[in-house]
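These are the residues of each chain, in order.
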Amino acid sequence: MHAVTGEQHRLHHTGRNGEVVATITALAAGIRELSVGGVDLVETFPETTIAPMGCGIVLVPWPNRVRDGKWVLDGKTQQLDVTEASTGNASHGLLRNTGYTPRERSDGAVELGAEVFPQHGYPFHLDTSVRYELVDDGLTVTHTIINRSAAAAPVAVGTHPYLAFGGVPTEELVLTVDAGTWFETDEQLVPIAEHPVDGTANDLREGVLVGEIDLNVGLGGVPSGGSAHRLTAPDGRFVELWADDQFPFVQVYTPHDFPKAAGTGIAVAIEPMSAPAGALNSGQGLRWLAQDESWTLTWASASVIRTADCRRASIIAVVLQDDPQATEIALRPDVTAG
């Protein structure tokens, strides 16, 4: 079978909660599969198709959209390729259609790299890498960007995972997102204002049933020190995504026509972003890297946690309550269960 997303990096790790398995694609360094103890934690897609709706891909040097593909650098208008015909925008950076090259590989980890070369609309040279590492709790993802340009380069980072909880229909999950503001957008889906989520349908802090929502909204105002977002099953089990404080924004997208094995259905993208849509023009969240400066960001891991475990947890948590005496716990990095 020919994999249209290039080399498939299949990772395996045997942890205390069972087998941890992931498949990372060369194309866009995407997450195609991730499971812990037989529980699928992301939407999957076949080797014979390109990642649907950006499923699992890395977004560099900007996430989301640039209006009309235009932005201004030192008083001169830059014109990026328009890659989203429906809105007329440049969407999701410059590496979406790039194959990443393995730089380091083991049974349970892979580091993939790709360069952004100077081009029309973005006259900068970046060396980028993303490291996926399986641990007992699941998957840890680390992005690194180095500016190889002679001048400071504007950079933002995002990623596009669609979370799931294997065996539970997505519409029966409850979505909780730890964010205090939302971005009002125009017909091009570019922000024109930022508002508090209080009293709006975009307040996801207390949880909403996925089957009752239809969202494509950028959110900000995440707590300092990192953010946690969650999908919870009816029986209390959950999958949780955590991102460090360099991801102060998140996009929530719940398409109802996501391609699945049995046809189409609802899916939930929870997209950590270092900057919101339109950042090359607004400057909000944009990071300017000096020549040879390096920037590292971390998000996500997947964990099966039981109260019997006494360990340092990391980042995305899946809690299994097969023990009636168990109590749900969601740990953050550097917090020890005991």
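Quick caveat, the model's predicted, so the values are computed rather than measured.

How each quantity is defined
- Residues numbered from 1 in each chain as written.
- Predicted model: local features only at pLDDT ≥ 70, side-chain atom pairs only at ≥ 80, totals over all residues.
- Heavy atoms only, no water.
- Helix = DSSP H or I, 4+ residues; strand = E, 2+ residues; numbered from the N terminus.
- Buried < 20%, exposed > 50% of the residue type's maximum accessible area, 1.4 Å probe, protein only.
- Contact = heavy atoms within 4.5 Å.
- Pairing = 2+ DSSP bridges.
- Phe/Tyr/Trp six-rings, centres within 6.5 Å; stacked < 30°, edge-to-face > 60°.
- Lys NZ or Arg CZ within 6 Å of the ring centre and 35° of its normal.
- pLDDT = per-residue confidence, 0-100.
- Core = buried A, V, L, I, M, F, W, Y, C linked by side-chain atoms within 4.5 Å.

Concerning the overall build of the chain
Next up, step 1: Tallying secondary structure elements over the chain gives one helix and 31 strands in all.
Next up, step 2: Sorting the 338 residues of the chain into buried and exposed places 56% on the buried side.
Next up, step 3: Restricting the contact set of the chain to residue pairs at least 6 apart, pairs at least 24 apart contribute 63%.

Focus on the environment of Val-217
Next up, step 1: Tracing the chain through its elements places Val-217 in strand E21 (residues 216-220).
Next up, step 2: For Val-217 and Tyr-253, which are 36 residues apart along the polypeptide, the C-alpha to C-alpha distance reads 6.6 Å.
Next up, step 3: Setting aside chain neighbours within four positions, we find Val-217 in contact with Trp-182, Phe-183, Asn-202, Val-250, Gln-251 and Val-252.

So, the sheet that holds strand E3 (residues 31-36)
Next up, step 1: Judged by pairing direction, the sheet is antiparallel, and its four strands sit side by side in the order E1-E2-E3-E4 without closing on themselves. The open sheet has two free edges, formed respectively by strand E1 (8-15) and strand E4 (39-40), since each of these has just one partner strand.
Next up, step 2: One ladder, built from eight bridges, connects E1 with strand E2 (residues 18-25); its direction is antiparallel. Bridging from a neighbouring strand, Gly-15 pairs with Gly-18 of E2.

Looking at the packing of aromatic side chains
Next up, step 1: Counted by the stated rule, this structure contains three aromatic pairs.
Next up, step 2: Ring centres of Tyr-162 and Phe-258 lie 4.8 Å apart, and the angle between their planes is 45°; this geometry places the pair in the tilted category. Taken together, the residues span a long stretch of sequence, with Tyr-162 in strand E16 (residues 162-163) and Phe-258 in strand E25 (residues 258-260) at a distance of 96 residues. You'll find Tyr-162 and Phe-258 in the same group, each marked buried.
Next up, step 3: Aromatic side chains Phe-183 and Phe-249 sit 6.0 Å apart centroid to centroid with 50° between the ring planes, which places their arrangement in the tilted category. Within this pair, whereas Phe-183 is found in strand E18 (residues 181-185), its partner Phe-249 is found in strand E24 (residues 249-253), the two being separated by 66 residues in sequence. Note on accessibility: Phe-183 and Phe-249 belong to one class, buried.
Next up, step 4: Its guanidinium or amino end placed over the ring of Phe-238, Arg-230 lies 3.7 Å from that ring's centre, counting from NZ or CZ.

Considerations on the environment of Ala-228
Next up, step 1: In this fold, Ala-228 is placed in strand E22 (residues 227-232).
Next up, step 2: Residue classification places Ala-228 among the buried residues on the basis of a relative accessible area of 11%.
Next up, step 3: When the C-alpha atoms of Ala-228 and Trp-299 are compared, they prove to be 9.8 Å apart, with 71 residues separating the residues in sequence.

A look at the confidence of the model for the chain
Next up, step 1: Considering every residue of the chain, the mean pLDDT works out to 88; 88% of them sit at 70 or more.
Next up, step 2: Low pLDDT, under 50, characterises residues 304-338; the predicted model gives this stretch 99 contacts beyond four residues in sequence or across chains.

Structural notes on the nonpolar core
Next up, step 1: Counting residues in hydrophobic clusters, the biggest one holds 75 residues, and the most contacted among them are Tyr-122, Tyr-132, Leu-175 and Leu-219.
Next up, step 2: Residues contacting Tyr-132, with those up to four places away along its chain left out, are Leu-11, Ile-24, Ala-29, Ile-31, Gly-56, Val-58, Gly-108, Ala-109, Val-110, Leu-139, Thr-140 and Val-141.

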